[in-house]
Amino acid sequence: MIKCIGLQWLIALTVLTACSSDQASNKVTYNMAWLPQGSQAGIVAAVELGYYREAGLEVELARGFGAIRTANEVDQGMFDFGYADPLSVLLNRANGGGVRMVGSINTQWPAGLCFVIGRHQIESPADLAGLTVGGGQSSPIQVILPQWLEMNGVDRDSVVLLQMDPAVVDAALVEGTIDAGECWKGSNKAVVESRAAAADAAIGWIEYSRFGLDLYGSGLVTSERMLTEHPDIVAAFVQATFRGYAWVISHPEEAADLVQRRFPVLDRSVTLQQVNETIQLLGDPASLGLFKPDRMQHTLEFLNTVYSLAKTVDAEAVYTNEFNIRPN
């Protein structure tokens, strides 16, 4: 039986009471890796439209505190599923963990750098020389940005990279404390643009993937325990989730409504932008959720060049397509 954790987080981060043991057979928990946002529209749709229920599952959603922590919490059994990227899985595996990706949501690395138009015009990595860039203390930007600069012939020391509380990066960018800040499609990029518009400013951005960073981003993760002990539950969750994302692709406006209805404090215009950006990141609907072995191998080779890992991790330990049957 699946362990019943009983975490139902509202937007205010309120914890509800634990579920009873007789409900444990089909109740699973999902860690969103951050606050509720449009990137999770497929998950929310699968809940609200009954796709999980039809698959015999009751899914509880929890806020998270970053992909690395999410991967570790899934590995430790605190959650059954989560939203995390290959880097988080690689780090977890290299340190003796057993989390694995079971579905791709971001088929490309969704990150870039935002800047305020008029203060700067950043069209290529070379334009970052001499500027100050802000990013979260534990964000991949702290390691990936310097490597990306060197890939593009820019001295990594020519850019000042600050480690900041993730909660203040957006405001610091708009206020001019930093010249550029990390932005993520489907996440804070829409928030930054909305905040800037309120201050009569406009945001430009430079995307890593346009300049050589061809990596997978976040998707569904679960633990080896779940894969071994409950493969039927994993398959049901993965397939119902991508049924949800398939619906989102065809119904972005309605998807934004569902997310906002579940989390009423969200700004609908921001949520809709996040939904549309996530649709772009999902890639070809015909291969929804599936990983391409060559691209995943390239992703892992790049990450291994920029991180000092305790051990080498093979690609087959990082992901599997076994549980994903594409929705019709």
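Here, the structure is the one placed above.
Below is a short write-up of the structure. (Residues numbered from 1 in each chain as written. Predicted model: local features only at pLDDT ≥ 70, side-chain atom pairs only at ≥ 80, totals over all residues. Heavy atoms only, no water.)

Topic: the sheet that holds strand β1 (residues 27-31)
Formally: Strands were regarded as paired on the criterion that DSSP finds at least two bridges between them. Numbering of helices and strands runs from the N terminus, with a helix taken as a DSSP run of H or I at least four residues long and a strand as a DSSP run of E at least two residues long. To define axes, lines are fitted to C-alpha atoms, for helices over the stretch in contact only, and angles between the resulting N-to-C directions are given on a 0 to 180 degree scale. Here, residues are in contact when the closest pair of their heavy atoms is within 4.5 Å.
Within the open sheet, the five strands sit side by side as β2-β1-β3-β10-β4. Their pairing is mixed. Edge strands, defined here as strands with exactly one partner in the open sheet, are β2 (58-62) and β4 (99-104). The sheet shows a mean angle of 30 degrees between the axes of neighbouring strands, taken without regard to direction. Where β1 lies against β2, five bridges are found, and the strand directions are parallel. Considered in β2, the bridge of valine 28 is made with valine 59. Set on the sheet, helix α1 (residues 41-48) makes contact with β1, β2 and β10 (219-223); between it and β2 the angle comes to about 140 degrees. Contacts from helix α4 (residues 86-94) reach β3 (81-84), β4 and β10 within the one sheet, and its direction differs from that of β4 by about 160 degrees.

Quick look at the pattern of salt bridges
Using the following cut-off: When a carboxyl oxygen of Asp or Glu lies within 4 Å of a side-chain nitrogen of Lys or Arg, that pair is called a salt bridge. Each residue's exposure class comes from its accessible area (1.4 Å probe, protein chains only) as a fraction of the maximum for that residue type: buried when under 20%, exposed when over 50%, partly exposed otherwise.
This model, assessed by the stated rule, comprises 16 salt bridges. A salt bridge links aspartate 80 to arginine 225; the shortest N-O distance between them is 3.7 Å. Remark: arginine 225 occurs in helix α8 (residues 224-229) and aspartate 80 occurs in the loop between α3 (67-75) and β3; sequence separation between them is 145 residues. On the basis of relative accessible area, arginine 225 is assigned to the partly exposed category, the value being 27%. Across the salt bridge formed by arginine 268 and aspartate 257, the nearest N and O atoms sit 2.6 Å from each other.

Observations regarding the state of the cysteines
As a reminder of what qualifies: Cysteine sulfur atoms are paired as a disulfide whenever they come within 2.5 Å of each other.
A full pass over the atoms with the stated rule returns one disulfide. The disulfide that involves cysteine 114 links it to cysteine 183, with 2.0 Å between the sulfurs. Across the disulfide from cysteine 114 to cysteine 183, rotation about the S-S bond amounts to roughly -125 degrees, and the bridge is consequently left-handed. Residue cysteine 114 is located in strand β5 (residues 111-116), and its partner cysteine 183 is located in strand β8 (residues 180-184); the two are separated by 69 residues in the primary sequence. Each member of the pair, cysteine 114 as well as cysteine 183, carries the same accessibility label: buried.

Points about unusual backbone geometry
The backbone phi angle of alanine 33 is positive, close to 75 degrees, even though this residue is not glycine. Not every positive phi belongs to a glycine, and aspartate 200 is a case in point at roughly 60 degrees. Mapped onto the elements, aspartate 200 comes out in the loop between α7 (188-198) and β9 (203-207).

Section: the packing of aromatic side chains
This is how the line gets drawn: Two rings belonging to Phe, Tyr or Trp (six-membered ring only in the last case) form a pair when the distance between their centres is within 6.5 Å. Interplanar angles under 30 degrees mark stacking, angles over 60 mark edge-to-face geometry, and anything in between is tilted. Charges are assigned to positions over rings by a cutoff of 6 Å between ring centre and Lys NZ or Arg CZ, combined with an angular limit of 35 degrees from the ring normal.
Applying the stated criterion across every chain, the model contains nine aromatic pairs. Through a chain of ring-to-ring contacts, the aromatic side chains of Tyr30, Tyr52, Phe81 and Phe237 assemble into a single cluster. The ring of tryptophan 34 has arginine 63 sitting right over it, with the charged end atom 5.3 Å from the ring centre. The ring centre of tyrosine 216 lies 4.5 Å from the NZ or CZ of arginine 295, which sits over that ring.

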